[in-house]
Amino acid sequence: SEKVDAKKFPEATPIIIGEANDKAVKKYKKLIPAKAEAYYLNVSAEQVVVAGHDNSGTFYGVQTLAQVMSQPQVMSCEITDYPSVTDRGVIEGFYGNPWSHKDRLRQFDFYGQNKMNIYVYGPKDDPYHRDKWRVPYPAEEAARLKVLLDAAHKNGVNFYWAIHPGVDIKWNDEDRDHLMAKLEIMYNLGVRSFAVFFDDIWGEGAKADKQAALLNYIDDNFVQKKKDVSPLILCPTEYNKGWANEEKGYLRTLGNNLNKGIEVM
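Numbering of residues begins from 1 in every chain and follows the order in which that chain's sequence is written. Two thresholds apply to this predicted model, a pLDDT of at least 70 for residue-level local features and 80 or more for giving and counting side-chain atom pairs, whereas whole-chain, interface and lining totals are computed over all residues. Side-chain figures throughout are based on the complete set of non-hydrogen atoms in the structure, without hydrogens or water.

An account of the overall build of the chain is needed here, citing residue identities and associated values.
Along its length, the chain carries six helices and ten strands. Taken over the C-alpha atoms alone, the chain extends approximately 75 × 40 × 35 Å along its principal axes. Among the 265 residues that make up the chain, the fraction classed as buried is 43%. Summarising the internal contacts of the chain: among those between residues at least 6 apart in sequence, 70% fall at separations of at least 24. Counting only carbon and sulfur atoms, one obtains 52% of the accessible surface of the chain, whose full area is about 14600 Å². The averaged location of the 37 negative side-chain charges in the chain is 4 Å from the averaged location of its 34 positive side-chain charges. In this description a helix means any DSSP run of H or I spanning at least four residues, a strand means any run of E spanning at least two, and both kinds are numbered starting from the N terminus. Burial classes follow relative accessibility: with a 1.4 Å probe on protein chains only, a residue under 20% of its type's maximum area counts as buried, one over 50% as exposed, and anything between as partly exposed. By definition, residues are in contact when any of their heavy atoms lie within 4.5 Å. Shrake-Rupley sampling with a 1.4 Å probe provides the accessible areas, and residues are treated as covered by the protein chains on show and by no other component. Just so you know, the count uses Lys and Arg for positive and Asp and Glu for negative, and it drops His and the chain ends. The atom standing in for a charge is NZ when the residue is Lys, CZ when it is Arg, CG when it is Asp and CD when it is Glu.

Would you mind going over the sheet that holds strand β3 (residues 48–52) in detail, with residue names and values included?
Strands pair, by our definition, only if DSSP identifies at least two bridges between them. The four strands lie next to each other as β1-β3-β2-β4, forming an open sheet whose pairing is mixed. The strands lining the two open edges of the sheet, one partner per strand, are β1 (15–19) and β4 (77–81). Taken pair by pair, the neighbouring strands of this sheet meet at an average axis angle of 5 degrees, ignoring direction. Two elements, β1 and β3, share five bridges in a ladder whose sense is parallel. Opposite Gly-18, over in β3, you have Ala-51 as the bridge partner. Across the sheet, helix α1 (residues 55–69) touches β1, β2 (39–43), β3 and β4, and the angle it forms with β2 is around 30 degrees. Axes, fitted as lines to C-alpha atoms, cover a helix only where it is in contact. Angles between the N-to-C directions of the axes lie from 0 to 180 degrees.

Before we move on, could you go through the environment of Thr-58 and cite the residues and values that matter?
Tracing the backbone through its elements, the reader meets Thr-58 in helix α1. Separated by 39 residues in the primary sequence, Thr-58 and Glu-19 place their C-alpha atoms 6.3 Å from one another. Not counting chain neighbours up to four residues away, the residues in contact with Thr-58 comprise Ile-17, Gly-18, Glu-19, Val-50 and Gly-52.

Kindly report on the environment of His-164, identifying the contributing residues and their values.
By secondary structure assignment, the location of His-164 is in the loop between β7 (158–163) and α4 (173–189). The spatial distance from the C-alpha of His-164 to the C-alpha of Val-147 is 22 Å, given a sequence separation of 17 residues. Ignoring sequence-local partners within four residues, the contact set of His-164 consists of Lys-124, His-129, Arg-130, Trp-133, Phe-197, Asp-199 and Ile-201. Here a polar contact is taken to be a pair of N or O atoms separated by no more than 3.5 Å, where protein atoms must pair a possible hydrogen donor with a possible acceptor and residues adjacent in sequence count only if both atoms sit in side chains. Among the polar contacts made by the side chain of His-164, one reaches the main-chain carbonyl oxygen of Asp-199 at a distance of 2.9 Å.

Describe the environment of Gln-113, with residues and values.
Note that Gln-113 resides in helix α2 (residues 101–113). Using a relative accessible area of 43% as the deciding quantity, one classes Gln-113 as partly exposed. The spacing of Gln-113 and Gln-63 is 50 residues in sequence and 5.7 Å in space, taken between C-alpha atoms. Residue contacts for Gln-113: discarding those within four places in its chain leaves Gln-63 and Gln-67.

Mind laying out the layout of surface pockets, listing which residues take part and the relevant values?
Both site types are read off a 1 Å grid over the protein atoms alone. A 1.4 Å probe that fits but cannot get out defines a cavity, while an open set with protein on both sides within 12 Å along at least five of seven lines defines a pocket; lining residues have an atom within 4 Å of a point. Grid points are joined across faces, edges and corners, and a volume is the space filled by probe spheres set on the points. By volume, the largest pocket is sized at about 290 Å³. Asn-117, Gly-156, Val-157, Asn-158 and Ser-230 are, among the 18 residues lining the largest pocket, the residues nearest its centre. Among the elements that line the lining of the largest pocket, the one with the most residues is β7, at three residues. Considering only residue class, the lining of the largest pocket consists of six nonpolar, eight polar and four charged. Quantified by volume, the second largest pocket comes out at close to 220 Å³. Lining the second largest pocket we find 14 residues, and of these Trp-99, Arg-104, Tyr-121, Glu-141 and Arg-144 sit closest to its centre. Elements with a contribution of two residues or more to the lining of the second largest pocket: α2 and α3 (139–154). For the lining of the second largest pocket, the element with the most residues is α3, which contributes four residues. Residue type decides the class: Asp, Glu, Lys and Arg count as charged, Ala, Val, Leu, Ile, Met, Phe, Trp, Tyr, Cys and Pro as nonpolar, and the leftover types, Gly among them, as polar. Split into classes, the residues belonging to the lining of the second largest pocket amount to seven nonpolar, two polar and five charged.

Describe the nonpolar core, naming the residues involved and giving the relevant values.
Each nonpolar core is a collection of buried residues, namely Ala, Val, Leu, Ile, Met, Phe, Trp, Tyr and Cys, held together in the definition by side-chain atoms within 4.5 Å. Of all hydrophobic cores here, the largest spans 46 residues; its most connected members are Phe-159, Trp-161, Phe-194, Ile-218 and Phe-222. If you list the elements that add at least two residues to this core, you get α2, β6 (118–121), α3, β7, α4, β8 (193–197), α5 (208–226) and α6 (250–257). When residues of this core are assigned to their parent elements, the largest contribution, seven residues, is made by α5.

Rendered as structure tokens:
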């Protein structure tokens, strides 16, 4: 965040990087859009300035600078940029072979370079996500997830871990406690963003009032108490209006009963 000593490096172009309130970029503060993840970038022969509204904005400004520098010839430019979409990323929630560990690591690098900020881990064929949702990950699997978490955070990606209990959940305290215990294990692993999936199910697990009560319990007794956890995400059973049964009022029940802070896919 300091200028290069031109006497030591006469051919060098100083690069100044910082967030809005940093001393190094203070005089450029008014040029930074007052929006989350925004940045101001100025490239000239005299110097390069990357000034972010926040940590994410600074990171994205550096990514744009890397794109500029990858050109055969670097031209002077001035860019102000911020996202119009809050969540930009990928849900791994399909059936069949999940992506490999290597695939995911490569994708996180791609997300960071292209200013994508969210990844939701929910492959249907990870047994500890769905069929064995009550069971903790074996040590080797947990270690791989920790590596993924670190790689995601390095690239400015919010890693959401999802659990899918609806296939065989019992609406009792025992299963509720199983779910809470699993979330606690994942929290201790380093996860700070969680989702609960109830898609592709029917029967007992698809009851909107029971789902809402469970999500509210998690929100009250886990998300709000931890203080450092992202808003809880719910994938409902009826996740598009075209499939919704208006007479049964599934979506209406969720809308009326869910805590306001819970986000719904």
